Amino acid sequence: MTNRTPPRRLVVLISGAGSTMKALLEATADDGYGALIVAVIADRPDAQGLAIARKAGIPTDVVALADFDARADWDQAIADAIAAHTPDLVICAGFMKILGAPSLSRWGGRIVNTHPALLPSYPGAHGVRDALAGGAKVTGCTVMLVDEGIDTGPILAQAAVEVWDTDDETTLHERIKVIERELVATTVGRMAREGWTVDGRRVTIGEQKERA
């Protein structure tokens, strides 16, 4: 009998509809994907993605900032909530809060996030709007590891999306989201199956093959 590596344990953080979390959930249905979602944690009790997770039988938790007197207390509480599920990877899937030192110290190099632009261009909360305002003809999405900055972590993967002359922020963002969900699922799956290494700003997924 062939020994199989246990699937990587994913804790997914959400704030809203959970569309990226759903894409991950669908991907993990494949036995060869290499990972499974062991918990979904939201920072809002009304996050629609919680219902999707519960229907799939995945444990959920809510750690709302409004329930804490100080941001540092919330930082610790969400780190503790994540730790309760002993994850191999933490996935920020439309999670609209910045994780603090307690989470970064425990899972540095293992927290994955996405951004709707081709970093390092157009970081921050308005990446799509800024790309349009900047006259970009091509933008896209980035999957990266989380560090102490805002959209400054080492880049794992990117995909390009053409900017159409007829685009506004909504239409462009919707096209980016379609590509973004697929890129997250593909990238996390590769990390789970092949492993990854971080060398400064460079991340290698799997063993690096020499060029011919």
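How each quantity is defined
Residues numbered from 1 in each chain as written. Predicted model: local features only at pLDDT ≥ 70, side-chain atom pairs only at ≥ 80, totals over all residues. Heavy atoms only, no water. Helix = DSSP H or I, 4+ residues; strand = E, 2+ residues; numbered from the N terminus. Rg over C-alpha atoms; globule rule 2.2 N^0.38 Å. Buried < 20%, exposed > 50% of the residue type's maximum accessible area, 1.4 Å probe, protein only. Lys, Arg positive; Asp, Glu negative; His and termini not counted. Salt bridge = Lys/Arg side-chain N within 4 Å of Asp/Glu carboxyl O. Contact = heavy atoms within 4.5 Å. Expected span 1.5 Å × (residues − 1). Polar contact = N/O pair within 3.5 Å; in protein donor to acceptor, adjacent residues only side chain to side chain.

Asker: I tried to follow the overall build of the protein on my own but got confused; where do I start?
Answerer: Along the protein, the regular secondary structure elements total six helices and nine strands. What you see for the protein is a C-alpha radius of gyration of 17 Å, in line with the 17 Å of a compact globule of 212 residues. Expressed along its principal axes, the backbone C-alpha trace of the protein runs to roughly 55 × 50 × 35 Å. Here the protein, with 212 residues, has 46% of them falling under the buried criterion.

Asker: Please clarify how the side chain of E180 should be interpreted in this entry.
Answerer: Here E180 is to be found in helix α6 (residues 169–194). Of the side chains bearing the opposite charge, R181 lies closest to the buried E180, which forms no salt bridge; the N-O distance is 6.8 Å. Among all residues touching E180, those that are not within four sequence positions of it are T114, H115, P116 and C141.

Asker: Just checking my understanding: could you explain α6 for this structure?
Answerer: Here α6 spans 36 Å end to end across 26 residues, near enough to the 38 Å set by a 1.5 Å rise per residue. All of the buried residues in α6 are L172, I176, E180, L183, V184, A185, T187, V188, G189, M191 and A192. For α6, the capping residue at the N-terminal end is D168, with a side-chain oxygen 3.1 Å from the backbone nitrogen of T170. Note on α6: the residue one or two positions beyond its end, G195, has a positive phi of about 80°.

Asker: Honestly, the pattern of salt bridges in this entry has me stumped. Any pointers?
Answerer: Oppositely charged side chains can form a pair if their charged atoms are brought close together. Inspection of the entire model under this criterion finds eight salt bridges. The salt bridge partner of E169 is R129, with a shortest N-O separation of 3.3 Å. Taken as a pair, E169 in helix α6 and R129 in helix α5 (residues 127–133) lie far apart in primary sequence, 40 residues in all. Looking at E169, the relative accessible area reads 31%, which means it is partly exposed. The partly exposed category is assigned to R129, whose relative accessible area is 42%. With its nearest N and O atoms 2.7 Å apart, the salt bridge here joins D167 to R175. Since its relative accessible area comes to 12%, D167 is described here as buried.

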